[in-house]
Amino acid sequence: MIGKFSLSYESEGSAFSSFVIDKGFDGKPLDSITEFNTYGLSLDDISKNKLIDPSSSIYHVKIDVDGAECEVLKGAYNFLKHPNIKTVLIELYLYENYNNILKMFEEMDFIQDKSFLEKTKLMQIDNVKKGIIYKELEPTVLNHLFIKKNKIK
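Cut-off values and rules
Residues numbered from 1 in each chain as written. Predicted model: local features only at pLDDT ≥ 70, side-chain atom pairs only at ≥ 80, totals over all residues. Heavy atoms only, no water. Pairing = 2+ DSSP bridges. Helix = DSSP H or I, 4+ residues; strand = E, 2+ residues; numbered from the N terminus. Polar contact = N/O pair within 3.5 Å; in protein donor to acceptor, adjacent residues only side chain to side chain. Contact = heavy atoms within 4.5 Å. Buried < 20%, exposed > 50% of the residue type's maximum accessible area, 1.4 Å probe, protein only. Arc of directions from axis to C-beta. Phe/Tyr/Trp six-rings, centres within 6.5 Å; stacked < 30°, edge-to-face > 60°.

Enquirer: Looking at this model, I keep getting lost on the sheet that holds strand β1 (residues 2–7). Mind explaining?
Expert: In any sheet, the strands associate via hydrogen bonds between backbone groups, in a parallel or an antiparallel arrangement. The strand order β2-β1-β3 describes an open sheet built from 3 strands, whose pairing is antiparallel. Each edge of the sheet is formed by a strand with only one pairing partner; in this case those strands are β2 (18–19) and β3 (34–39).

Listed below in C-alpha cells is the structure:
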C-alpha cells in the first residue's frame, strides 16, 4: 500500500515516527515535523510475493515499532508462524495491548523467555540508577525474547 509516513525527529536513531498509524504507544497522537507518502509492505506480503522466503533459511526477527506492535504482528502473522522462524526479539510497551501481543505469540507457537525479560528489566533499572539512561525506575518498555516451541532443546 501507499501510506503516510510521519517523521517526529530528524536525528539518526530517533523514535516515534509512524507509518499509517498516527498514534504512539500510549494512544496519543504523534507530533510530526514532516510527512510524506511512501510504499509499505507487511512481512506476510513480502513472503507471499517471494521477496523473502522463510523456507529457504532460518530467521531471527527483531521488531521495534514504538507502539504499532499489534498491527505489525497482524501483518507478519503467517511469516512468523513458519517453522524456520526460530526467535523474535521485540520491544514491548507494558500498556493496553501487552496481553493481546503475548496471546498472539502464543498462537504463533512461541514461548516467552522470561529469564531474558528479567535480565532486561534488571539491566534497565541498573542503567537508570547509574544515570546512563533517564527513564522511570519501574520500566514501561522492555525487550522480550520469544522462542518457537519446536526450536527449544
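We are not done yet, so read on.
Enquirer: What am I meant to see in the side chain of H144 here?
Expert: Within the element layout of this structure, H144 appears in strand β7 (residues 141–148). Reaching out from H144, the side chain makes a polar contact with the side chain of Y98 at a distance of 2.9 Å. If we ignore the near neighbours within four places in the chain, the residues touching H144 are V88, L89, I90, L92, L94, Y98, Q112, F116 and L117.

Enquirer: What is the right way to read helix α3 (residues 98–107) from this model?
Expert: For an α-helix the count is 3.6 residues per turn, leaving residues at separations of three or four pointing the same way. For α3, the set of buried residues is Y98, I101, M104 and F105. One side of α3 holds all its buried residues, which, seen down the axis, span an arc of 120 degrees. The exposed residues of α3 that point more than 90 degrees off its buried face are N99, K103 and E106. Packed against the buried residues of α3 are α2 (69–81), β5 (85–93), β6 (110–112), α4 (114–129) and β7. One or two positions beyond α3, positive phi appears at D109, with a value near 75 degrees.

Enquirer: Quick question: what am I supposed to make of the packing of aromatic side chains here?
Expert: Geometrically, a pair of aromatic rings is defined through the distance of the ring centres and the angle of the planes. Counted by the stated rule, this structure contains 4 aromatic pairs. Look at F5 and F36: their rings are 5.3 Å apart centre to centre, the planes differ by 40 degrees, and that puts the pair in the tilted class. Taken together, the residues span a long stretch of sequence, with F5 in strand β1 and F36 in strand β3 at a distance of 31 residues. Judged by its relative accessible area of 40%, F36 is partly exposed. Plain terms: the ring middles of F105 and F146 are 3.9 Å apart, the flat faces sit at 0 degrees to each other, and that makes the pair stacked. Here F105, found in helix α3, pairs with F146, found in strand β7; they are 41 residues apart in sequence, far enough to count as distant. Note on F105: relative accessible area 0%, which makes it buried. On the basis of relative accessibility, which here comes to 3%, the residue F146 falls in the buried class. A network of ring pairs unites the aromatic residues F105, F110 and F146 as a single cluster.

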